[in-house]
Amino acid sequence: LASPPPIHLPLPTTPQRPSPMEDRVVATAAALTTARIGALIGISCALHRAYRRRRGPPPASPAAVKGAQLRAAFDVGSGATKMEVALVSSTQRILKVLFSEQQEVLYSHDLASSENGELGQDVLREGLKVLRNFRDVARKLGCADGQLRGIATAVFRKAANGAQFLTKIQEELGISLRCIDQNLEGEIGFLTGKAFSSAPDNLLVWDSGGGSFQISGLEGKGKVGMFGGAIGSSIATEIAVRLQGKSFSRCKTPNPMTREHVSRLKEAVAKEVKNYEQPTWLQSLLRDPSQVHVVAIGGETCAFRQCAQATKQNPFTLEVLEKAIDELCEGSDEKFRSMGFLQESMVLPKLILIYSVMKCLGIVKVKYEKTNGSARGVLITEEIWKADS
């Protein structure tokens, strides 16, 4: 047999040392790489510090602030349900807001078309669903059941089954809702609105919902006074439909409204407002209306936002509001929707309600401030958060 061919392996070679020039090139490249990495780290740290300054400190936990409570405040109004979750100090100061949102639930609309004075099962189911979703958010943020509290307003004072529904919310969801009177509703609104004014002595805070309105201010010695009435956006809309000879249970929109319809609604709303006696402190404050700072609070669908939208001014005056109402006469739901109005069927009734109250009281200018209803005031109203409440 032939022998296999020999295998030739390469002999090991001694590695050559790089030349001095190559050493300098490698050292320079290494130095540049290190400098670039250092610069990138520096830029990254600077950007992170800037982001932290803009974003603010991370939310504090209740354990991190002595005596602080994590609260979920609910404002269940006649036209919208609101919740705000915040860390509140032992001195009733809001340290950090973690969540703030509202959803439309038209309780007052439903009651206005009810034939037995009760809220219908459909709107109650919708309201319960909204509250359950809000409750779940509050729990995920760390709120204990004892810190889920709030207020229920005008429509629940009127509805024959209002108290029964609030009891069901307590039993099924663990949310404690108190059906408050107009005076406390006005006080809570004042606490919410005064955050937007530097002159509380000459301040009026105006809250107008689906079933009622409240105007609150200081009547002396730090006591909050309230003027209000049981007429809101849904009530004004129902009156508008009725004045046209239609039933609100069958027709939920008064549009299009002629100038005659507008004039009749102005008269009807003004007559209603004049039925409520103005307190002395309010009359005294409005003797010189130019010196009064009127702050109107509410969310995306509130009457004041629609006034600012219609007039294209904020603050808006009585004169420009009257002009806007005239320009919107004969408008259809479709037209108002195309103009960007929410709740298009209530646009003119809302504007007319605000106009009529301004004219009756002699208010010349109103500044709208976007809030989550009166949830901010609920958070810091001690009466709501007492252990026995």
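To be clear, the structure that these remarks concern was listed above.
Computed from a prediction, not measured in an experiment: that's the story for all the values here.

Each value, and the rule that gives it
- Residues numbered from 1 in each chain as written.
- Predicted model: local features only at pLDDT ≥ 70, side-chain atom pairs only at ≥ 80, totals over all residues.
- Heavy atoms only, no water.
- Helix = DSSP H or I, 4+ residues; strand = E, 2+ residues; numbered from the N terminus.
- Buried < 20%, exposed > 50% of the residue type's maximum accessible area, 1.4 Å probe, protein only.
- Contact = heavy atoms within 4.5 Å.
- Areas by Shrake-Rupley, 256 points an atom, 1.4 Å probe, with all protein chains shown as cover.
- Pairing = 2+ DSSP bridges.
- Core = buried A, V, L, I, M, F, W, Y, C linked by side-chain atoms within 4.5 Å.
- Axes fitted to C-alpha atoms, helices over the stretch in contact; angles between N-to-C directions.
- 1 Å grid on protein atoms, 1.4 Å probe; cavity = no way out; pocket = protein on both sides within 12 Å on 5 of 7 lines; lining within 4 Å.
- Points joined across faces, edges and corners; volume = space filled by probe spheres on them.
- Nonpolar A, V, L, I, M, F, W, Y, C, P; charged D, E, K, R; others polar.

**Student:** Describe the overall build of the protein, listing the residues and the values that go with them.
**Tutor:** The helix and strand tally for the protein stands at 15 helices and eleven strands. In the protein, which comprises 389 residues, the proportion classed as buried is 46%. Taking the intrachain contacts of the protein between residues at least 6 apart in sequence as the baseline, contacts between residues at least 24 apart amount to 69%. Carbon together with sulfur atoms contributes 53% to the accessible area of the protein, which is approximately 20400 Å² in total.

**Student:** How would you sum up the pairing of strand E11 (residues 365-370)? Please name residues and give values.
**Tutor:** Inspection of the sheet shows strand E9 (residues 293-298) paired to E11 by four bridges, in the parallel sense. Across the sheet, the residue bridging to glycine 298 is lysine 370, located in E11. Relative to E11, strand E10 (residues 316-317) runs antiparallel, the two sharing two bridges. Note that in E11 the partner of phenylalanine 316 across the bridge is valine 366.

**Student:** Just give me the short version of the environment of alanine 154, but keep the residues and values in it.
**Tutor:** Structurally, alanine 154 is set in helix H4 (residues 154-158). Counting along the chain gives 77 residues from alanine 154 to glycine 77, while the straight-line C-alpha distance between them is 7.3 Å. When sequence neighbours within four positions are dropped, the list of residues in contact with alanine 154 reads Ser78, Glu185, Gly211 and Ser212.

**Student:** If you had to explain the nonpolar core to someone new, which residues and values would you point to?
**Tutor:** With 50 residues, the main nonpolar core has Leu204, Trp206, Leu321, Ile354, Met358 and Ile363 as its most contacted residues. Setting aside anything within four residues of it in sequence, one finds leucine 204 in contact with Ile215, Ser216, Gly217, Trp281, Leu282, Leu285, Leu286, Val292, His293, Val294 and Val295. Core analysis: the next-biggest nonpolar cluster, separate from the first, contains 32 residues, Leu70, Tyr107, Leu119 and Val123 among them.

**Student:** Break down the sheet that holds strand E5 (residues 176-179) for me, citing the residues and quoting the values.
**Tutor:** Sheet architecture is open: five strands sit in the order E3-E2-E1-E4-E5, paired in mixed fashion. Two strands bound the open sheet, and with one partner strand each, they are strand E3 (94-104) and E5. Along the sheet, successive strands turn relative to each other by an average axial angle of 20°, direction set aside. Here eight bridges tie strand E1 (residues 69-76) to strand E2 (residues 80-88), and the two strands are oriented antiparallel to one another. By the bridge assignment, alanine 72 is partnered in E2 with valine 85. Relative to E2, helix H3 (residues 121-140) is tilted by about 15°, and along the sheet it contacts E1, E2, E3, strand E4 (148-152) and E5.

**Student:** Go over empty space enclosed by the protein with me, naming the residues and quoting the values.
**Tutor:** Applying the stated criterion across every chain yields a total of one cavity of 30 Å³ or more. Space inside the largest cavity adds up to approximately 390 Å³. As for the largest cavity, its lining consists of 32 residues, of which Gly79, Lys82, Ser208, Gly209 and Gly210 are closest to the centre. Elements that contribute at least two residues to the lining of the largest cavity include exactly E2, strand E6 (203-208), helix H7 (233-243) and E9. Classifying every residue of the lining of the largest cavity by side-chain character gives eight nonpolar, 19 polar and five charged.

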